[in-house]
Amino acid sequence: MTEFKRAFSLVWDHFTLVTPNKVQCALCSQRLSFNKNTSAMLRHLRSRHPSEAWYSNSTSGAHSSTSNSTSGVHSTFSNSIISSSGVHSSFSGTTGLNSMFTNNAAAGHHIQVRTTRQEDLDDALVNMLVKDTQPFSVVEEEGFAAFVQKLDPSYNLPNKQALKKMVGSRCEFINDNVVSQMVISDFVSLTSDMWTSIDKHSYISVTGHLVAENAQLSTFLLGISKLPENHKVIHIEEAKNQLVASWGLHSRVAAFVTENSENMVATVQKLGILQLPSFAHVLNLVIKRSMEATLELQDIRSQARAIVAFFKSNQNAEMRLAEVQGQLGRPEQKLIQEVDSRWNSSFSMLERVFDQRESVAAALSTLDTDIIPLGSADYEVIHQCLGVLGSFNQATAELASEKRVSASKVIPLVRMLKITLEKKHGAIIHPTATQLASNLQRELQMSCSMVETEPILALSALLDPRFKMLAFGNQGYAQEAVKLLTSECASLIRINPDKDDTLPPSTTGSTTPSTTSPHTSWAMETASLSMATSPSKSHDGGLWEMFDSKVGETQSVQSSTADAAVEVQHYLSDPYLNRVENPMHYWEKHSKVYPHLFQLARKYLSVPASSVPCERIFTKAGDVFNKKRSCLSMKAVEQIMLLNKGLV
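Looking at an unreviewed UniProt entry, one finds the chain named Zinc finger BED domain-containing protein 6-like, with Salvelinus namaycush as its source organism. In its Subcellular location (unreviewed entry) section, the UniProt entry covering the chain states "Nucleus".

What follows is the structure in structure tokens.
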């Protein structure tokens, strides 16, 4: 048994096969799923046990062998990263793979660059496969093979199995870089959602979000699990637990962002991880309820849906609309149908119908249909209501962004939405729009009245140099957030006391006589005196041992709290960053000035405001799960979706 395991991987020295599909870590007793490969075990060891001797031994050995056996893998990434159109460009758009790759190269990792045309074309083939979600069997189709032969007769088209190995090698490279960044960043935030494929199977996916070494946001796919046909809460919990455990993340998750359904909340809480509701979902419900409570707007929406459905389902009507748009000099735009689950699709539908109102009315008048066109009074209602909803549409778009910090925007966004609504409510004269504004105010107050007291949202807002204290409408809550930030900063100082000397001499809490505040000097002097003169256990029999220890602890806490307060106040007194600038650029420049706050910024600014990153998997999954891929394994699905645009 031992000889068999060693022939494949040193990883088996630290794992035991307890069942045909379960392995157990010898270092921490964590159990993982086993799917005939060591990927999950490697991730677990590198993230949970990076200091173990196996790491340096196995990586050095594997590295030299990789140069020979899979020399194509590294250059594949150098080629695709350099190219702005490469398959990983979107991943680097969130500064994920690109920054990780750059950091590893800077750290001295050997990157072998391939030069042969065969290898370059192999790279291009893999890029095409994952970017266009083509099946592996495409290389076995006669037409494709003939086309490739015509383009370059010297190119040896790889078979399906070789192509799978190329894709697998790329994924291993990405995962290794993700693990190294997780070790550096200390904390990662997660998002999760469930979805159903075209063949009616249910899946759950988890994405990770962290601030990489160069202070840029990185987003990546952690994994996908297939759920049983009649799945229950326990199945969802097991799937999430396995995905989190395989990366060794249980103690390092800053927040797990999910929709606020009972099942999703319950499963995260059972994992012992802090669950944060997706604010995008909260906002979606606020607006949907408000619109549904505005009866006249509901009637107009129903009528608009019928008009859009008519043009969408009737080719002649759609062609006629395009002709009329040309005759009227209007841009040729198709109508947009709303989707029940997304309120902003209703906004887009009404906006497009309003913009093309003349073309729609003219086209309907020439077509044989019972559809009743909207009147001028209806269009006035749409126009007024769109004005009320415009700021909410902008907020929804900002929250869905993956390239920028989003959780820190929640508190200031809610505040600005309330202020904007109040202003518009006083200026609107149309009764339907007034009713919509009132409904929005009521729902927003019911759902978001305590948002400034949520610790993660409060700390992320405070650590965003664009917002800081101005994010809060209630200054009492702002002061509580400052106290919490100071407390967390003090805890870091006690853990890492060697980082205290990075602030400017005039403001730092350094323990040197020339730079120490009177209070800190007294505390440190007293502590030294206590250490020097307090009776030892051997002299007093240990009578005062607990008291002396308590004095030392108290003085240590007082000193670290004073140092933390200086660092926090110095940061808060810095000029505000322009709202359109990237806050992570600020922290990259000030990481040495505010070292402990920088650590906290990496933790809290990695938290997304929504589970949209997971929801984007749904769309891509529709391309991956098709008739040509009916036998595709879950591992292959994960690989394709990971590589496709880096995130999915």
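Let's pick the thread back up.
**Some remarks on the pairing of strand β4 (residues 188–196)**
Counting buried positions along β4 yields seven of nine residues, so the element is predominantly enclosed. Here β4 runs beside strand β7 (residues 253–258); their pairing, made up of three bridges, is parallel. Along β7, the bridge assignment pairs V188 with V253. As paired strands, β4 and strand β5 (residues 202–211) are joined by eight bridges and run antiparallel to one another. Each bridged residue has a counterpart across the sheet, and for L190 the counterpart in β5 is G208.

**Thoughts on the packing of helix α10 (residues 233–246) against helix α11 (residues 262–270)**
Put simply, α10 and α11 touch, their axes get as near as 9 Å, and they point 50 degrees apart. Regarding the angle of α10 to α11, the classification is oblique. In the packing of α10 onto α11, the handedness of the crossing is right-handed. When α10 is examined against α11, the residues V233, I236, E237 and K240 are found in contact with a partner set consisting of N263, M264, T267, V268 and K270. For the contact of α10 with α11, the per-class residue count stands at four nonpolar, two polar and three charged.

**What to know about the pattern of salt bridges**
This model, assessed by the stated rule, comprises nine salt bridges. For E338, the salt bridge goes to R301, with nearest N and O atoms at 3.2 Å. Taken together, the residues E338 in the loop between α14 (315–327) and α15 (343–355) and R301 in helix α13 (residues 295–313) connect sequence positions 37 residues apart. For E398, the salt bridge identified is with K409, shortest N-O distance 2.8 Å. Separated by eleven residues along the polypeptide, E398 in helix α17 (residues 376–399) and K409 in the loop between α17 and α18 (410–427) bring together distant segments of the chain. The burial state of E398 is the same as that of K409; both residues are buried. Salt bridges sharing partners connect three or more residues here, namely R289, R442 and E443.

**Some words on the packing of aromatic side chains**
Summed over the entire model, instances satisfying the criterion amount to eight aromatic pairs. Geometrically, the ring pair formed by F310 and F311 is edge-to-face, given 5.4 Å between the ring centres and 70 degrees between the ring planes. According to the relative accessible area criterion, F311 is buried, its value standing at 2%. Through a chain of ring-to-ring contacts, the aromatic side chains of Y571, Y586, W587 and Y594 assemble into a single cluster. Between the NZ or CZ atom of K468 and the centre of the ring of Y571, over which it lies, the distance is 4.7 Å. Above the plane of the ring of Y576 lies K468, whose end atom (NZ or CZ) is 5.2 Å from the centre.

Cut-off values and rules
Residues numbered from 1 in each chain as written. Predicted model: local features only at pLDDT ≥ 70, side-chain atom pairs only at ≥ 80, totals over all residues. Heavy atoms only, no water. UniProt positions renumbered as here; feature names shortened; annotations may be inferred. Buried < 20%, exposed > 50% of the residue type's maximum accessible area, 1.4 Å probe, protein only. Helix = DSSP H or I, 4+ residues; strand = E, 2+ residues; numbered from the N terminus. Pairing = 2+ DSSP bridges. Axes fitted to C-alpha atoms, helices over the stretch in contact; angles between N-to-C directions. Parallel < 35°, antiparallel > 145°, perpendicular 65-115°, else oblique. Left-handed = near helix turned anticlockwise from the far one by under 90°. Contact = heavy atoms within 4.5 Å. Nonpolar A, V, L, I, M, F, W, Y, C, P; charged D, E, K, R; others polar. Salt bridge = Lys/Arg side-chain N within 4 Å of Asp/Glu carboxyl O. Phe/Tyr/Trp six-rings, centres within 6.5 Å; stacked < 30°, edge-to-face > 60°. Lys NZ or Arg CZ within 6 Å of the ring centre and 35° of its normal.

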